[in-house]
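Tertiary structure, described
So you can see what is in the structure, the chains are spelled out below.
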Amino acid sequence: MSLLPWRDIDTVLLDMDGTLLDLHYDNHFWMEHLPQRYAELHGVSRAMAEMELQPLFERNAGQLQWYCLDFWSAELKLPVRELKLETAHLIALRPDADTFLAAIKQAGKRVVMITNAHRDSLSLKLERIELAPYFERLISSHDYGFPKENPQFWEALQADIGFDPARSLFIDDTLPILRSAQSFGVAHLLAVSEPDSRKGPKDTAEFAAVGDYRELIAGL
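Residues numbered from 1 in each chain as written. Predicted model: local features only at pLDDT ≥ 70, side-chain atom pairs only at ≥ 80, totals over all residues. Heavy atoms only, no water.

**A few points about the overall build of the chain**
Broken down by element type, the chain carries 9 helices and 6 strands. The C-alpha radius of gyration of the chain comes to 18 Å, within 12% of the 17 Å expected for a compact globule of 220 residues. Counting only C-alpha atoms and orienting by the principal axes, one finds that the chain spans roughly 60 × 30 × 30 Å. Counting across all 220 residues of the chain, residues that qualify as buried make up 48%. With the model as given, the accessible surface of the chain reaches about 10000 Å², and the carbon-plus-sulfur share is 51%. For the chain, the distance from the average site of its 22 positive side-chain charges to the average site of its 34 negative ones is 2 Å. (Helix = DSSP H or I, 4+ residues; strand = E, 2+ residues; numbered from the N terminus. Rg over C-alpha atoms; globule rule 2.2 N^0.38 Å. Buried < 20%, exposed > 50% of the residue type's maximum accessible area, 1.4 Å probe, protein only. Areas by Shrake-Rupley, 256 points an atom, 1.4 Å probe, with all protein chains shown as cover. Lys, Arg positive; Asp, Glu negative; His and termini not counted. Charge placed at Lys NZ, Arg CZ, Asp CG, Glu CD.)

**Side note on the sheet that holds strand β2 (residues 110-115)**
Spatially, 6 strands are ordered β3-β2-β1-β4-β5-β6 in an open sheet, and the strand pairing comes out parallel. The two strands at the open ends of the sheet, each matched to only one other strand, are β3 (137-140) and β6 (209-210). Pairing of strand β5 (residues 188-192) with β6 involves 2 bridges; the strand directions are parallel. By the bridge assignment for β6, Ala191 is matched with Ala209. The sheet contacts of helix α6 (residues 119-128) involve β2 and β3, and relative to β3 the element is tilted by about 140 degrees. (Pairing = 2+ DSSP bridges. Contact = heavy atoms within 4.5 Å. Axes fitted to C-alpha atoms, helices over the stretch in contact; angles between N-to-C directions.)

**Regarding the packing of aromatic side chains**
What characterises a pair of aromatic rings is the spacing of the ring centres plus the angle enclosed by the ring planes. On inspection of all chains with the given rule, the structure shows 14 aromatic pairs. On the numbers, 5.1 Å between centres and 90 degrees between planes, the contact of Phe29 with Trp30 is edge-to-face. For Phe29, a relative accessible area of 0% gives the class buried. By relative accessible area, which is 12% here, Trp30 ends up buried. (Phe/Tyr/Trp six-rings, centres within 6.5 Å; stacked < 30°, edge-to-face > 60°.)

**Topic: the packing of helix α1 (residues 24-42) against helix α3 (residues 69-76)**
The interhelical angle for the contact between α1 and α3, taken along N-to-C directions, is 35 degrees, at an axis separation of 12 Å. Taken as a pair, α1 and α3 cross one another with a handedness that is right-handed. Here α1 contributes Trp30, Leu34, Tyr38 and His42 to the contact with α3, which in turn contributes Leu69, Trp72 and Leu76. Of the residues in the contact of α1 with α3, the class split is 6 nonpolar, 1 polar and no charged. (Left-handed = near helix turned anticlockwise from the far one by under 90°. Nonpolar A, V, L, I, M, F, W, Y, C, P; charged D, E, K, R; others polar.)

Next up, the structure:
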């Protein structure tokens, strides 16, 4: 990929899951571990568990409650926080994400995490991976009441941290979110070519994608 125009970038906005952290943890939890534990705790077959969960997942995808552990605990009658701890050993940094974070902080860029993750998920991950020191702020979309897919998230972020979209870089692994940022006027956008280390590269449509964080550091 071509070099980023670092002299035109003051603020770096970064997603967490699939961008800085390997999405394998989340995919494994929601697609494998949760259906298995749902089946065990509700006394149904794994196939029945998946049949019951699938429409719920589809109905709530991309909305704020999709990312909310309280919502899923109530909806599924399961202790979702505790279940997430059972697979916490899978939480892992994407290769060289920490090298990239250290370099942009050292270069004096303003670095802000913006994640749709619920505060409980964020805390669980920060206990295992030391990300907080690299960031000026760690913002969960739950703080604003809108997911990043929603234009109102970006208005709330602007009101909160006062960034210039024309001089900002945003990296995320979700295409509807990148399109939402683009509509708001964020000038520099990158997708992630391989958010889940077990699934291989994904199609990032109209967006350039980062595969190797060391490449982004060039020209800082």
